Amino acid sequence: MNIIIALICISLTVALIFLGLFLWSLKSGQFDDTYGPSVRMLFDDKKKKK
Amino acid sequence: MAFEVKEQVVCYHCGQLCEEQGFKSEDKIFCCYGCRTVYEILNENNLCEYYSYESTPGINLKYVSEDTYAYLDEAPIKKKLLTFNSDSFARVSFFVPSIHCISCIWLLENLQKLSKGVVKSEVNFARKRVAIDYNPSVVALSEIARVMASLGYAPQVNLSEEKKETTSSKDLLMKLAVAGFGFGNIMLLSFPEYLGLEGTETTLKNLFSYLNIALAVPVTFYSGRDYFSNALQSFKQRQINIDVPIAVGLAALFFRSVYDILSHTGAGYLDSLAGLVFFLLIGRWFQSKTYESLAFDRDFRSYFPLAVQKKNGNEWKPIVIYDLEKGDTIRVRNWEVMPADSLLLDSEAYFDYSFVTGESKPVRVKAGELVYAGGRLVGKPVSLVVEKKTSQSHLTSLWNKEIFQKSGESSYRKMIDLAARRFTWVILAVALITAGYWYWADASQMWLVLTSVLMVACPCALALAAPFTYGNMLRVFGRHGFYLKNADVIERLSKIDTVVFDKTGTITNGAAQLDFIGVMDDRELAWVKTLTSSSSHPLSNLITKSIAVNSSSPVADFFEKPGRGIEGNMGGHHIVVGSAEYVKFTGFLPEISSKVFVSIDGQVRGYFKIETSVREGIEELMKSLHSKKVAMLSGDSEADHDRMKKVFPATASLLFNQNPHDKLEYISALQSASNKVLMLGDGLNDSGALKQSDVGVAITDDTGVFTPSCDGILEGNKLSQLNRFISLSRSATSILKTGFAISFFYNIIALSFAVSGHLTPLIAAILMPISSISVVGFSTLAVNLVSNKTLRS
């Protein structure tokens, strides 16, 4: 009985953490440009190694 | 004339067709000097990787003039542009419309290799912006802008730039996240109730219910806030829109559930409530998609330069055009736009007024004559004295018209709101009748039944039908080169019965058609080509491109008189190419169109007739528009009358010499005769008409360039599809009506439960999502089916 209450509290807390993380990532602009990063990782860095 | 058949060669940089003998560097061939220069800059700096991500990624450079960006170093301008500024670090964000591919991102993010002092640059592809961190003590802002422009990535600077729009879409996403979170958890906590927890575990049951309330509060009052405030606003305006029944339904759901839970009479309908808000917000989010990098509401200011060279004592200094005063002496360079009505100081100059009047031929202005703001200088730099401030100029007076004062919201009544109004009255009647019945039959049940009716009446499915139908259609249109400002435009487009065209740039396009009228053999043609290829004048370029034979003999004594003609000696012959006066042609000129004359050894051989060509597919378009009224408005003279007559159907009215005001008046005259008008145009001179019309569509061959404020942007090569788009929008409207019917069907079922007092939380929790999902599914499927059928064929 008590364990169910504890579990519910934990699950809600975890869910709240995820909600908070999502809101934070949204606010910090991680969804502003969804195309750029996907191609940026393909650029070669060979200039730096030279 | 016999032409050699050649293999087609494309420019290594920009991919345009070009001459094999064109500009070469190493083994690469370029179409023009500009493209070759860019390649050489990149090559020197070891940046040729640029060409490895996409083939021919470059942008054809047209007019780059030195120190165009000098004004960027003026303190007041810098202050507005820089988001951060200190002695050794500054940050600026430029809008660069020519960003279009992976190579662009790569090159712009390697800007530090080209311009010392740039620390970091980052491209936002969706918004076509580049954020640049740089060291202002090493490099000036104008220098960075100049480097970018020299590569074809000219930043577009706009001081009156709108504050970032993204905040509203972020706000919506946050509300959606909260609603989704609430929905999921409330549903989870409601399951035990539905599965029969009753009786035995009252503590758990109460705990779940209270948690549900706690979760439902932010869902209702944060995520659903807009519905309440919109409903309140529509009450104030004494109009009922779709948000009114939604807000009433949400309120009924929330308070009835709280009452049920606190009084221990039931489990409440909180899962239905959260689901409702979640679905509604998804609909809103789906509809809110816009084309961020396209600008639909530019006004005349975007056409003007930001700054102009002003004489200050003995030196020229850049000054912001709003600070120009009467009597200031200014200097304007080739291809710059006049910022204010001014008097010419130099002996003569040519101005292209195509922005203002649509007339494409440059106008000759003599010393002391007035040059209107908006004219574009063609030729050598000239000095002028400002006559009127920018805000009072001839061109800007158009914007003082009433139509531009109105806010964005038109008086147009949307179908959804018309449906919602009827719906609301019906629901109100049903609610009152049932309340009356239950008051007489069983007074204790009256409030419960009344709230049930209001709850299920919440037109969630109705509210979702429009966003998904029009939102999907908007995406389909976008994929086919027709970008709309928002989904509402589709509804207006479906009612169009009159189509009005602009001529220059809409019916005709930039590409010119060239015919030589006269006698010349291949050898002579080749000489002319060699001669014209030495000149950078646009007409010379056209002639160079049109002649296919080549000559190896060099030009001697080349001489160019800007704006008049060129001459030179080749193979012992003196060749002159230029205007009629320049080659001393004295014969009779049959018609008024652009001509370039050729004379060899003092003898006039004939002329090149230059006509802008009619866009491909216009005939097809005209055929498809047969059921609609068609008209054409042109700022040009009647020279093209006969040609246009062939293009347009016999019933079309063709009007010439129309100034921007005339165009606007013409549209509003059509509208007062209760026509729904679609206006297609491309220039600033059409902007009044575009704004006045029911749907104003700008035609462009390059979505990155200026388009006047409009409801939609159509790619030039898709113009022939116009009627298909119109008929698609009509299909969208009938799909929407079917969606309404489906949603009413569910509402009737739910209402029958509610009226008879049998609406349990479980039934509500099943019925509401089913109705929403079936409406969404139907409209998405139907739109895709219809659009595939219409646009593929």
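Residues numbered from 1 in each chain as written. Chains lettered and ligands numbered in written order. Predicted model: local features only at pLDDT ≥ 70, side-chain atom pairs only at ≥ 80, totals over all residues.

**Topic: unusual backbone geometry**
All names here are of chain B.
Alright, step 1. Here His264, not a glycine, exhibits a phi torsion of approximately 55°, which is positive.
Alright, step 2. By secondary structure assignment, the location of His264 is in the loop between helix H9 (243-262) and helix H10 (270-287).
Alright, step 3. For Ser674, which is not a glycine, the phi torsion comes out positive at approximately 50°.
Alright, step 4. Looking at the element boundaries, Ser674 is found in the loop between helix H21 (660-672) and strand E28 (677-681).
Alright, step 5. Of the residues examined, Ser674 has 7 C-beta atoms within 10 Å and is grouped as exposed. (Helix = DSSP H or I, 4+ residues; strand = E, 2+ residues; numbered from the N terminus. Buried ≥ 20, exposed ≤ 12 C-beta atoms within 10 Å, placed from the backbone.)

**Notes on the sheet that holds strand E18 (residues 482-484) of chain B**
All names here are of chain B.
Alright, step 1. A sheet is described by the order of its strands in space; here 7 strands give the open sequence E18-E30-E29-E28-E19-E26-E27, paired in mixed fashion. The two strands at the open ends of the sheet, each matched to only one other strand, are E18 and strand E27 (653-655). Direction aside, neighbouring strands of the sheet carry axes that sit 20° apart on average.
Alright, step 2. Pairing between strand E19 (residues 498-502) and E28: 4 bridges, direction parallel. Considered in E28, the bridge of Val500 is made with Met679. (Pairing = 2+ DSSP bridges. Axes fitted to C-alpha atoms, helices over the stretch in contact; angles between N-to-C directions.)

**Description of the interface of chain A and chain B**
Alright, step 1. Residue-level contacts link 17 residues of chain A with 17 residues of chain B.
Alright, step 2. Of all elements in the fold, only helix H1 (2-27) and helix H2 (36-40) of chain A reach the threshold of two or more residues within the side of chain A that touches chain B.
Alright, step 3. The element best represented in the side of chain A that touches chain B is H1 of chain A, accounting for 8 residues.
Alright, step 4. The class makeup of the residues in the side of chain A that touches chain B is 11 nonpolar, 2 polar and 4 charged. (Contact = placed C-beta atoms within 7 Å. Nonpolar A, V, L, I, M, F, W, Y, C, P; charged D, E, K, R; others polar.)

**Some words on the pairing of strand E21 (residues 556-561) of chain B**
All names here are of chain B.
Alright, step 1. Burial analysis of E21 places just 0 of its 6 residues in the buried class, which makes it a mostly uncovered element.
Alright, step 2. Of the strand pairs in this sheet, E21 and strand E22 (residues 565-570) are connected by 4 bridges, and their pairing is antiparallel. Residue pairing in the sheet places Ala556 in a bridge with Asn569 of E22.

**Comments concerning the packing of H10 of chain B against helix H24 (residues 761-792) of chain B**
For any two helices packed against each other, one specifies the crossing angle of their axes together with the interaxial distance.
All names here are of chain B.
Alright, step 1. Interaxial distance between H10 and H24 falls to 9 Å at its minimum, and their mutual angle equals 15°. Viewed along their axes, H10 and H24 adopt a mutual orientation that is roughly parallel. Remark: the crossing between H10 and H24 carries left-handed chirality. On H24, the residues that touch Asp271, Ser272, Gly275, Leu276 and Phe279 of H10 are Ala764, Ala765, Met768, Pro769 and Ser772.
Alright, step 2. Here the residues of the contact of H10 with H24 are counted per class, giving 6 nonpolar, 3 polar and 1 charged. (Parallel < 35°, antiparallel > 145°, perpendicular 65-115°, else oblique. Left-handed = near helix turned anticlockwise from the far one by under 90°.)

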